[in-house]
Amino acid sequence: MSGHAEAGERRLVISGWAVTSPYGLGRRSFAEGLLARTTATAAVDTAAWPVPYEDAGLIPDFDIRSVLGRKGTRSMDRATGIAVVTVGELLEDFGQGLAADPEKTGLVLGTSGSVQSIMDFTKDALTGEKPYLVDPARFPNTVMNCPTGQSAIRHTLKGPNVTVSGGSATGLLALNYASRLLRGGHANALLAGAAEEFSVQRARLERVADHGGAEADPLGEGAALFLLESGEAAREGGRRVLATVLGSRFRAFPETGRAGAALSRCVAEVLSDAGVAAADVALVAPGTPPGLLGKQEEAALDAVAGERIPVRPLVGDATAASAAFQLAAVLAHAGARPALVDRLALVTALDRDGTVGATLLRLG
Amino acid sequence: MTSQTAATGQRAAARHRVVITGLGVVTSIGTGVDAFAEGLRAGRSGAKPISAFDTTGFAHSNACEITDFEPEAWLRELPADELGRAAQFAVAGARMAVADGGLTEADVRARRSLVSIGTTDGESRDLDHLTGLQVAQGEDTLDPVVARRVWPGRLSAGIVRELGLEDVETVTVPTACAAGNYAVGYGYDAISSGDVEMALCGGADALCRKTFTGFYRLGTIAPDVCRPFDADRQGILTGEGAGILLMESLESALARGARIYAEVLGYGLSCDASHPVAPDRDSIARCITAAHANAGITPADVDFISAHGTGTKANDVTEVGAIRQVFGEDLPRTVSIKSMIGHTMGAASALASAACALALREGFIPPTINHRTTDPECGVDCVPNEAVEADLKVVQNNGLAFGGNNAVLVLGHWEDRSAVA
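All values derive from a computational prediction rather than experimental measurement. Residue numbers restart at each chain and count upward from 1, following the sequence in its written direction. Going through the entries in the order they are written, you letter the chains from A and number the ligands from 1. Only residues with pLDDT of at least 70 are given local features in this predicted model, and only at 80 or more are side-chain atom pairs given and counted; all residues enter the totals for whole chains, interfaces and linings. With hydrogens and water set aside, each side-chain value is computed from the structure's full complement of heavy atoms.

Chemist: What is the right way to read the overall build of chain A from this model?
Modeler: Along its length, chain A carries twelve helices and 14 strands. With C-alpha atoms as the basis for the radius of gyration, the globule rule is written as 2.2 Å multiplied by the number of residues raised to the power 0.38. In terms of overall size, chain A behaves like a compact globule, its C-alpha atoms giving a radius of gyration of 20 Å where 364 residues would be expected to give roughly 21 Å. Each of the three principal axes of chain A carries a C-alpha extent, and together these read 65 × 50 × 35 Å. Residues classed as buried in chain A amount to 66% of the 364 residues present. By definition in these notes, contact holds between two residues if any of their heavy atoms fall within 4.5 Å. Intrachain contacts of chain A at a sequence separation of at least 6 include 76% that bridge at least 24 residues. Summing over all exposed atoms, chain A offers an accessible surface of approximately 11,600 Å²; the carbon and sulfur share of this is 49%. Here chain A contributes 35 positive and 40 negative side-chain charges, whose respective centroids are spaced 3 Å apart. Only DSSP runs of H or I with at least four residues qualify as helices, and only runs of E with at least two residues qualify as strands; both kinds are numbered from the N terminus onward. Classification of residues uses two cut-offs on accessible area relative to the type maximum, computed with a 1.4 Å probe and protein chains only: under 20% is buried, over 50% is exposed, and between them is partly exposed. Only the protein chains shown count as cover for residues, and all accessible areas are computed by the Shrake-Rupley method using a 1.4 Å probe. Only four residue types enter the tally: Lys and Arg on the positive side, Asp and Glu on the negative side, with His and both chain ends excluded. Taken as the charge centre is NZ of Lys, CZ of Arg, CG of Asp or CD of Glu, depending on the residue.

Okay, structure coming up:
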């Protein structure tokens, strides 16, 4: 929620990004797949994953030890592995200079943790020889900030380390949290984004959730992280401004049928706070939830110009990571199309538990 | 105006002052602000044998469980079975905080607001239940009503739905056992920057088998009671509950003539980035210093510290070592309310914030109970066993968490007569 008065130099900018997705590791596979509109979901190997779904968007051949090595990974769960890998990629490609100031560099990660880890731990307690004979090394995995804390440990991020959660709006909430921390003077640079894992227990739980009266989408997984800092800090660090964050707004809706009205107001407010018009928006990355929520989103975005970029239909329902994927999709498009420089992009999210959000960016 | 790239802990600009005007608490020593305040003053203990789950096979099994909570007494809009126990605590706490602040739901609805709720375990008690069903009845067995309420976002969303808020940012902050301070700090930044006018912030957690088992396996569950800073301390007792703070800008509070418990002066965050469960002294010290800088105070201003004070052998020594690193040898009194209410996980630092706000308003320091002999390795005046009266100006509340996630909050006394100015 940047105000008008904020000088350009003090505006918060995205100056780096990293993604691990059902297209594979890294930005390149993500950008190529997304721009070509290739579907990344595929038939699930139900022998390995006994889930009540036929298709899923799994990170291909994702194996924590082959990516991160054996050291420190014995007890690492999938959600944590995905986060650690993606944070590492972001720092490797864009983090020059940040390592010199680890106490002023932090991480705001959106995640619901790993329900698989939590339930496995309880299962061991219930089925073991004694009710307390569980693997103590796996206890930290059962706490939802494990991916965030482990990412900091692996990559020496000593600044604020925050975990946030809010369903499919999580990625936008994390970006806004990071923005407030930076404006409050709690850090100089923050990695912000979200991570989600595919797991058998998540699939079981998601199967019975309310999907707006529609069939559940295939589940997806992965992470997208963004380097957020002031324009001034980016310039000093020799980093290119990929996007300027003009603001985010959130609202709540009391019933699904009113989600569209809530989102319309969010969008109108984020545009008006930035002093721009709906007709000026060049790109829109909507959340595209299934069923009634999706219809509400379409109606809310009726008045907004701009090309729609589908994300969820290609990579699956990445829940906590979904809005972060949408934001990454915007940057992927911007990176491939120089004509988008200085144009506006809008990312929207509608969560079934009642939150809507909209984030507005100026590209390049 | 200080630049955006100021040293960590410094504010970017002078902004709105932020005050606490309502408290909602659900604890094992009392539900509601009056019962909680009375429990703190009296040094009440919430310790008792666990009834939340079957503890057969454990050599000892005390916890600070809440045995008299009735969700129906607090929920007016949502059916109780739509919410897990942690969300029920959170919603009850939010209703109490709004009423305690002298507001109606319509008053809160009319303002732009933030709801940020910290947690360690979310609805892990429900996940325990679902796992138990799978073990007993087969892997694919699921209770759909329970399955739908397990996601952590529902702790904050439950409050928003129950109160019918619409112009609101809703976020759950599962930053483990310092989560309450993170959530309160987020509210402070949101109000002080002018982004929102009002915030309901805090933390909630419910007792669960998973967490009890984990701490038991680590050898950190006390056999009887929790004795922070005591030479014979043997560990934590797990606890449960919720602490929710109604926060608003000073202008808003003064305009409506609200009773002010305390001012939020600022807060600091740090990450150890070293070990997932063993806290790091230097990093905690850095967090305390960042909080002081953010609040514009010096160590000499602090009248007492509400410590994280888990009561384990190692953690108390590390935490006091960090405090000594910042304060030198002249330490303020340092207490742990976990001696009374147990370790309520994501609610812990939120409930401690509520206790600090009450202490500032009413002029007392809550005791550290179950205390016999102070460990010379800690060497603090922990206000053993009995509360003391004290004229307080500034209070510091420490929160430490797995993952090396530290958050320290600083609260200040509000002089009613200065309201005229």
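Here the narrative resumes.
Chemist: For this particular structure, what's the right way to read the state of the cysteines?
Modeler: What we call a disulfide is simply a covalent bond connecting the sulfur atoms of a pair of cysteines. Only a pair of cysteine sulfur atoms within 2.5 Å qualifies as a disulfide here. The tally for this structure, following the rule as stated, stands at zero disulfides over all chains. This cysteine, B:C271, is not joined by any disulfide, and B:C287 carries the nearest cysteine sulfur, 10 Å off.

Chemist: Could you clarify how one ought to interpret the packing of aromatic side chains in this entry?
Modeler: Aromatic ring pairs are described here by two measures, namely the spacing of the ring centres and the angle between the planes. Any two of the Phe, Tyr and Trp rings considered here, Trp counted by its six-membered ring, make a pair once their centres fall within 6.5 Å; the pair's planes then place it as stacked at under 30 degrees, edge-to-face at over 60, or tilted in between. Under the definition given, this model contains 17 aromatic pairs over all chains. Judged by centre distance (5.8 Å) and plane angle (40°), the ring pair of B:F212 and B:Y216 falls under tilted. Of the two residues, B:F212 and B:Y216 both sit in helix α8 (residues 209-217), four residues apart, roughly one turn of that helix. Overall, the relative accessible area of 13% leaves B:Y216 in the buried class. Through successive ring pairs, a cluster of aromatic residues spans A:Y132, B:F53, B:F58, B:F212 and B:Y216. Two conditions define a charge sitting above a ring: the NZ of Lys or the CZ of Arg must be within 6 Å of the ring centre, and it must be within 35 degrees of the ring normal. Sitting above the plane of the A:Y53 ring, A:R207 keeps its charged end 4.9 Å from the centroid. The cationic tip of B:R41 hangs over the ring face of B:F364; the distance from NZ or CZ to the ring centre is 4.3 Å.

Chemist: In this structure, what is going on with the nonpolar core? I would like to understand it.
Modeler: One broad rule of soluble globular proteins: the nonpolar side chains tend to lie buried together. Grouped together as the largest cluster of nonpolar side chains are 132 residues, with contacts concentrated most on A:F30, B:F36 and B:M247. Here this core takes ten residues from helix α12 (residues 322-336) of chain A, the largest share from any one element. When neighbours within four sequence positions are excluded, B:M247 is seen to be in contact with B:V18, B:V19, B:I20, B:V184, B:G187, B:Y188, B:I191, B:E197, B:M198, B:A199, B:C201 and B:V264. Note on terminology: a nonpolar core comprises buried Ala, Val, Leu, Ile, Met, Phe, Trp, Tyr and Cys residues joined through side-chain atoms within 4.5 Å. By size, the runner-up hydrophobic cluster in this structure holds 35 residues, among which are A:A252, B:A86, B:V160 and B:L246.

Chemist: Could you clarify how one ought to interpret helix α10 (residues 291-300) of chain A in this entry?
Modeler: Since the α-helix packs 3.6 residues into each turn, any two residues three or four apart lie on the same face. Taken together, the buried positions of α10(A) are A:G291, A:L293, A:G294, A:Q296, A:E297 and A:A300. Check the buried side of α10(A) and you find it contacts α9 (259-274) and β13 (344-350) of chain A.

Chemist: Explain the side chain of B:T310 here, please?
Modeler: All names here are of chain B. Counting through the fold element by element, T310 comes out in the loop between β10 (304-306) and α11 (313-327). According to the relative accessible area criterion, T310 is buried, its value standing at 5%. Residue contacts for T310: discarding those within four places in its chain leaves C226, G235, I236, N315, D316, K338 and H343.

Chemist: Looking at this structure, how should I read the interface of chain B and chain A?
Modeler: Accessible area lost upon the coming together of the parts serves often as the stated size of an interface. Contact with chain B, which involves 83 residues of that partner, is made by 74 residues of chain A. Buried area: the sum, over both parts, of the accessible surface (1.4 Å probe) that disappears when the two are put together. For the chain B and chain A pair, buried surface summed over both sides reaches about 6,900 Å², with 59% attributable to carbon and sulfur atoms. We define a salt bridge as a side-chain nitrogen of Lys or Arg found within 4 Å of a carboxyl oxygen belonging to Asp or Glu. Viewed at the interface, chain A and chain B are joined by twelve salt bridges. Of the charged contacts, one joins B:R154 and A:D353 as a salt bridge, the two residues approaching to 2.8 Å between their closest N and O atoms. Going through the elements one at a time, α4 (124-137), α5 (144-147), α6 (153-163), β6 (168-173), α7 (179-192), α8, β9 (262-271) and α10 (281-295) of chain B are the ones with two or more residues in the side of chain B that touches chain A. By the convention adopted, Pro, Cys, Tyr, Trp, Phe, Met, Ile, Leu, Val and Ala count as nonpolar, Lys, Arg, Asp and Glu as charged, and the other residues, Gly among them, as polar. For the side of chain B that touches chain A, the per-class residue count stands at 35 nonpolar, 28 polar and 20 charged.

Chemist: Is there a simple way to explain the confidence of the model for chain B in this structure?
Modeler: Detailed reading of predicted coordinates is not advised where the pLDDT is low. All names here are of chain B. Across chain B, the average pLDDT comes to 95, with 95% of residues at 70 or higher. Predicted confidence for residues 1-7 stays below pLDDT 50, and this span has 20 contacts to residues more than four positions away or in other chains. For this predicted complex, the interface score ipTM comes out at 0.97, alongside a pTM of 0.97. Per residue, pLDDT measures the predictor's confidence, with a range of 0 to 100.

Chemist: Explain the packing of helix α4 (residues 115-127) of chain A against α8(B) to me, please; I cannot follow it from the model alone.
Modeler: Between two packed helices, both the angle of their axes relative to each other and the distance between the axes serve to describe the pair. Between α4(A) and α8(B), the least distance of the axes is 9 Å, while the angle of their chain directions is 70°. Taken together, the axes of α4(A) and α8(B) are roughly perpendicular relative to one another. Crossing hand, α4(A) versus α8(B): left-handed. Along the contact surface, α4(A) presents A:I118, A:F121, A:T122, A:A125 and A:L126, while α8(B) presents B:R209, B:K210, B:T213 and B:G214. Counted by class, the contact of α4(A) with α8(B) contains four nonpolar, three polar and two charged residues. Helix axes use the C-alpha atoms of the stretch in contact, all axes being lines fitted to C-alpha atoms, and the angles between their N-to-C directions lie in the range 0 to 180 degrees. Here the word oblique covers every angle except those under 35 degrees (roughly parallel), over 145 (roughly antiparallel) and from 65 to 115 (roughly perpendicular). Two helices cross in a left-handed way if the nearer one is turned anticlockwise from the farther one by less than a right angle. They cross in a right-handed way if the turn is clockwise.

Chemist: Quick question: what am I supposed to make of the sheet that holds strand β8 (residues 219-220) of chain A here?
Modeler: Paired through backbone hydrogen bonds, the strands of a sheet run either parallel or antiparallel to each other. Residue and element names in this part refer to chain A. We treat two strands as partners when DSSP finds at least two bridges between them. Spatial strand order, β3-β4-β8: three strands in an open sheet with mixed pairing. The sheet is open, and its two borders are formed by β3 (42-43) and β8, each paired with just one other strand. Both β3 and strand β4 (residues 55-57) contribute to a ladder of two bridges, which runs antiparallel. Residue A42 lies in a different strand from β4, and its bridge partner there is A56.

Chemist: Got a minute to help me understand the pairing of β9(B) in this structure?
Modeler: Both faces of the sheet carry side chains from a regular strand, because those side chains alternate between them. Residue and element names in this part refer to chain B. A large share of β9 lies buried, amounting to ten of its ten residues. Inspection of the sheet shows strand β1 (residues 18-27) paired to β9 by three bridges, in the antiparallel sense. Of the residues in β9, the one forming a bridge with V18 is V264. As judged from the eight bridges shared by β9 and strand β15 (residues 405-412), these two strands associate in the antiparallel manner. Paired with G268 across the two strands is V408, which belongs to β15.

Chemist: Would you take a moment to explain the pairing of strand β10 (residues 243-252) of chain A for this structure?
Modeler: All names here are of chain A. For β10, a buried count of ten out of ten residues is recorded, marking the element as mostly surrounded by other parts of the structure. Alignment of strand β1 (residues 12-21) against β10, held across two bridges, turns out to be antiparallel. If you follow I14 over to β10, its bridge partner there is A243. Taken together, the nine bridges between β10 and strand β14 (residues 355-363) define a ladder with antiparallel strand orientation. Opposite G247, over in β14, you have L360 as the bridge partner.

Chemist: Where do I start with the environment of B:P228 in this structure?
Modeler: Residues and elements named next belong to chain B. One can find P228 in the loop between α8 and β8 (241-249). With 203 residues separating them in the primary sequence, P228 and V25 have C-alpha atoms 22 Å apart. For P228, the residues in contact, after removing those within four places along its chain, are R233, G309, G311, D316, S336, S339, T368 and H371.

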